[in-house]
Structure formats: C-alpha cells, structure tokens
Amino acid sequence: MTATSEAPTGSASSKASDADRYDLSREEQAIVETVAEFVERDVRPVVQELEHANTYPERLIDQMKTLGMFGLAIPETHGGVAVSTPCYVSVTEELARGWMSLAGAVGGHTVVSKLILQFGTPEQQARYLPRLATGEVRAAMALTEPGGGSDLQAMRTVARRDGDSYVVNGSKTWITNARRAGVIALLCKTDPDAVPAHRGISLLLVEHGPGLIVSRDLPKLGYKGVESCELAFDDHRTPVTSLLGGEEGRGFAQMMQGLEVGRIQVAARALGVGRAAFEDSLRYAQERESFGVPIWQHQSIGNYLADMATKLTAARQLTLYAARRMDEGHRVDLEAGMAKLFASETAMQIAVDAVRIHGAYGYSTEFDVERYFRDAPLMIVGEGTNEIQRGVIARQLVARDRQHQQA
C-alpha cells in the first residue's frame, strides 16, 4: 500500500486519533493516512447517494483492492502487507468513519484470511492467500443459523463424509459478502453425535457451486450497500481438502480465535461510526446558534459533547489495548469482548446524542447523522450480541482469577 505524505485537506477527523498512533511505525502511520485520504476524497462525496440507494459500492471496493486493504492480515510472502493489529484497528476506524459498510466488507474477509494463515494447510494457504491479499478472491464467514443465533454449538448444518468429498446440508443467515465471496468459511458439524458438541464441529472452506444457494438478501435498517444473505446448502459437495487444517473437530476452537479478531474489528467499526457522529456534532454545535450564541455554549449541549469525546477516547484505548495484547501473543477473548461491548454501546449512545444535538436536522436524510443512527445498532448485535459478550467477560474473569489463585 502506498501513501502520500500530506493529511487530507480540511479533515479534522484525520487528526482526531493521531495521539493513538504513537505506537505505529512510520510505514503504518502512512497507511492509515492513505486510508483517511481515500475516505475524504472518494467515500464521503458519494456515500449518501450510494447508501440511500442501497447500491453496492463496486468502484470503492475496487479502489480498496488497489490500495491493498484486503491484504492487511496477509504477510508479504503470500502477497499481502501484514500490519499490526493496532494499525488494522486504525484503518478500520477510518473506513467506518466514512461508511461503516466498507469496513464491514473487509471484516469477515480479514478473519478468514487470518484463519487460513494460522490453521490452514500449506496447500490451502497457497490456494487462497495470494488471491485474498489482492482482493481477487473475497472471503465470507458462515456461522449464524436461522434458529441458532449466538448458540453456535446448537447448529444444524451438517457435512457428512462421502469418499473424497463432504456433502453439506443446512442453512446459514446474515452472511456478509455471500454473493461475491470466492471462499466461505463454513462452520458445520462433521460429527453430529459428538459429546461435547464442540468436538464435532469443523470449518470447511467452501466455494460457490451446485447445491449452494443464496436464497435471499435480508432487508436491513442500516449497513446498506453490501449484501447480507441467507445461504442454503442442499447436498452441496466440497472436497475433503477443504477441511481447514485437515483435521475434523477443530472448527469451534479455530473460530473462537477468529472471533477475537472479529470482535476487535467490530469495536473499531464502532469507533469509526461514533467518531463520525461526534465530529459532525462538534462542528454543528459551533455553527448553529440559538438565543444569540453557538449551541455548544448551552450547558446541555456542551455536556453531550464532553461525554461523547470522553467515552470515545476510552473506547479507543480499550480497543487498542486488546489489539496490542493480541500482537503480544495472548488470547484476548476477555479484552476483545470488553472492547466490542464498550465501543459498540458508546457508538450507539453517541449516535443518539448526535441526533439530539442536530435537532430536526438529525432526523433528516439530508444529513449523515441519521445514517450513523441506523448503522450503530449493528455493532451491538454483530459478532456476538452484547448480552453474550457480558457472559464471555464474566466467565473469563472467573477463569483468570482461578488461574491466578492456583499460580
């Protein structure tokens, strides 16, 4: 990814998180600035039209491929430009600041790339990673089922061995990039009778073909432009070599590690949405006057701005902490859960308060605030609901406390 040395003209947002980039290399800082420029120059002028029309952003996605955004989790040996997780957080925040849907288009792709890099066989890595790095092949994750939600172990999608193939039957829902994905990381049961259930769960790297049907596109409140679909598997055949890592029963553990990346990414998306809503509100509160003064001087509006900035800064630091811990080699199910929980709730609150600050204009489709208000709820329920996150956090707190006592 190449970068110019100048920050985007007139972009207060490009300066908003500079203090949080102190631990990025100069090359990584340049990458983040390149993304910020892309957002200012190419995304913000067209996002309202594309989003309201629910139009797939083909041109923007192609530009993201050219900039190397689909290869940020893949090392140079496989054609990518692997960056640190804090850098990835900053890139995701910049994308989501412009349009959260663009960050979402990269999110699942990155998780699958990391899964293949960490667990894939040499043949799987050679087959997919170079093309994932360029965006020639896009990736999707297929976890959630219509009747299962966050209870992944209760899934009903089954892959049965038949010679040199698995035959897959079942269904998945809320799959981002489903129509355009060249590879789908499918979580399914290869041993439905296993006890405990997670020992019978595997990950298959499936591709579109007979028996894999995109049954419908789901209508959504926000997160427009990119597709979220239901998938139906009806005797879909995939080769045995599509089993991630080549060993059955490892899929649940593999995906749990993948979700740590996913939850950090969702937290970073929330940072971007929250930051955009805050910055729009900060500017508007200085321009809009009532009772003879800019409205930020009214205590109630000033309090909103103060709370927005404080919570947003705290959410960013929590997310970066989880990112740094991941790069140090630690499991971060606790830290990623905290970051996703706090950042998403913060983004939702900031979006609501942005509407309050803008008054009637916050309810108008002529302003971007209403889009933030529609996009923010996705991060509350995506990648595991916040109710699930609280359960994960509580269990990890107890587990780590017991480990500490035994040490």
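Here, the structure is the one placed above.
Bear in mind the structure is a predicted one, so any value in this text is a computation, not a measurement. (Residues numbered from 1 in each chain as written. Predicted model: local features only at pLDDT ≥ 70, side-chain atom pairs only at ≥ 80, totals over all residues. Heavy atoms only, no water.)

Chemist: Could you clarify how one ought to interpret the pattern of salt bridges in this entry?
Modeler: Pairing of side chains with opposite charge becomes possible as their charged atoms draw close. On inspection of all chains with the given rule, the structure shows 28 salt bridges. Residues arginine 316 and glutamate 93 are paired through a salt bridge, measuring 2.8 Å at the closest nitrogen-oxygen approach. Of this pair, arginine 316 sits in helix H8 (residues 299–327) while glutamate 93 sits in helix H4 (residues 85–98), and the two are 223 residues apart along the sequence. On the accessibility criterion, arginine 316 (6% relative accessible area) is buried. (Salt bridge = Lys/Arg side-chain N within 4 Å of Asp/Glu carboxyl O. Helix = DSSP H or I, 4+ residues; strand = E, 2+ residues; numbered from the N terminus. Buried < 20%, exposed > 50% of the residue type's maximum accessible area, 1.4 Å probe, protein only.)

Chemist: How should the pairing of strand E1 (residues 139–142) be read in this particular structure?
Modeler: Sheet faces and side chains relate simply in a regular strand, where the side chains alternate between the two faces. Covered by surrounding structure in E1 are Ala139 and Met141 together with Ala140 and Ala142, the residues of both alternating faces. Here four bridges tie E1 to strand E4 (residues 183–189), and the two strands are oriented parallel to one another. Bridge pairing in E4 links alanine 142 to leucine 186. (Pairing = 2+ DSSP bridges.)

Chemist: When you look at the packing of aromatic side chains in this model, what are you seeing that I'm missing?
Modeler: We describe a pair of aromatic rings using the distance from one ring centre to the other and the angle between the two ring planes. One pass over the structure, following the stated rule, counts two aromatic pairs. Ring plane angle 90° and centroid distance 6.5 Å describe the contact between tyrosine 284 and phenylalanine 367, whose orientation is recorded as edge-to-face. Residue tyrosine 284 is found in helix H7 (residues 251–287), and its partner phenylalanine 367 is found in the loop between helix H9 (333–358) and helix H10 (369–381); the two are separated by 83 residues along the sequence. Geometrically, the ring pair formed by tyrosine 361 and phenylalanine 367 is tilted, given 5.1 Å between the ring centres and 35° between the ring planes. Its relative accessible area of 27% is what places phenylalanine 367 among the partly exposed residues. Through successive ring pairs, a cluster of aromatic residues spans Tyr284, Tyr361 and Phe367. Over the face of the ring belonging to tyrosine 56 we find arginine 180, whose NZ or CZ atom lies 3.5 Å from the ring centre. (Phe/Tyr/Trp six-rings, centres within 6.5 Å; stacked < 30°, edge-to-face > 60°. Lys NZ or Arg CZ within 6 Å of the ring centre and 35° of its normal.)

Chemist: What am I meant to see in the environment of leucine 115 here?
Modeler: Of note, leucine 115 is situated in helix H5 (residues 100–119). With 256 residues separating them along the chain, leucine 115 and arginine 371 place their C-alpha atoms 32 Å apart. The contacts of leucine 115, once residues within four sequence positions are left out, are Gly120, Leu203, Leu244, Gln254, Met255 and Gly258. (Contact = heavy atoms within 4.5 Å.)

Chemist: Just checking my understanding: could you explain unusual backbone geometry for this structure?
Modeler: Outside of glycine, negative phi angles account for most residues, and trans bonds account for most peptide bonds. Along the chain, valine 195 connects to proline 196 via a cis peptide bond; the corresponding omega equals -5°. Considering the arrangement of structural elements, one finds proline 196 in the loop between E4 and strand E5 (201–206). In this model, tryptophan 174 sits at a positive phi of 60°, which is unusual for a non-glycine residue. Among the secondary structure elements, tryptophan 174 is positioned in strand E3 (residues 165–176). For tryptophan 174, a relative accessible area of 47% corresponds to the partly exposed category. Of note in this structure, tyrosine 223 is not a glycine but carries a positive phi near 55°. Among the secondary structure elements, tyrosine 223 is positioned in the loop between strand E6 (212–217) and strand E7 (228–239). A residue is classified by how much of its surface remains accessible, and tyrosine 223, at 5% relative accessible area, is buried.

Chemist: Explain the state of the cysteines to me, please; I cannot follow it from the model alone.
Modeler: Note on terminology: a disulfide is the covalent bond linking the sulfur atoms of two cysteines. Enumeration according to the criterion identifies zero disulfides in this entry. The closest cysteine sulfur to the non-disulfide-bonded cysteine 229 is located on cysteine 188, 19 Å from its own sulfur. (Disulfide = S-S within 2.5 Å.)

Chemist: Can you walk me through the pairing of E5 in this structure?
Modeler: Across the six residues that make up E5, a large majority, six, are buried. Going residue by residue along E5, you find Ile201, Leu203 and Leu205 tucked away on one face and Ser202, Leu204 and Val206 tucked away on the opposite face as well. Where E4 meets E5, six bridges bridge the pair, whose relative direction is antiparallel. The residue of E5 that forms the bridge with lysine 189 is isoleucine 201.

Chemist: I tried to follow the environment of glutamate 383 on my own but got confused; where do I start?
Modeler: Inspection of the secondary structure puts glutamate 383 in the loop between H10 and helix H11 (386–406). As for glutamate 383 and threonine 144, which are separated by 239 residues in sequence, their C-alpha atoms are 9.6 Å apart. Ignoring sequence-local partners within four residues, the contact set of glutamate 383 consists of Met141, Leu259, Gly262, Arg263, Val266, Lys340 and Gln389.

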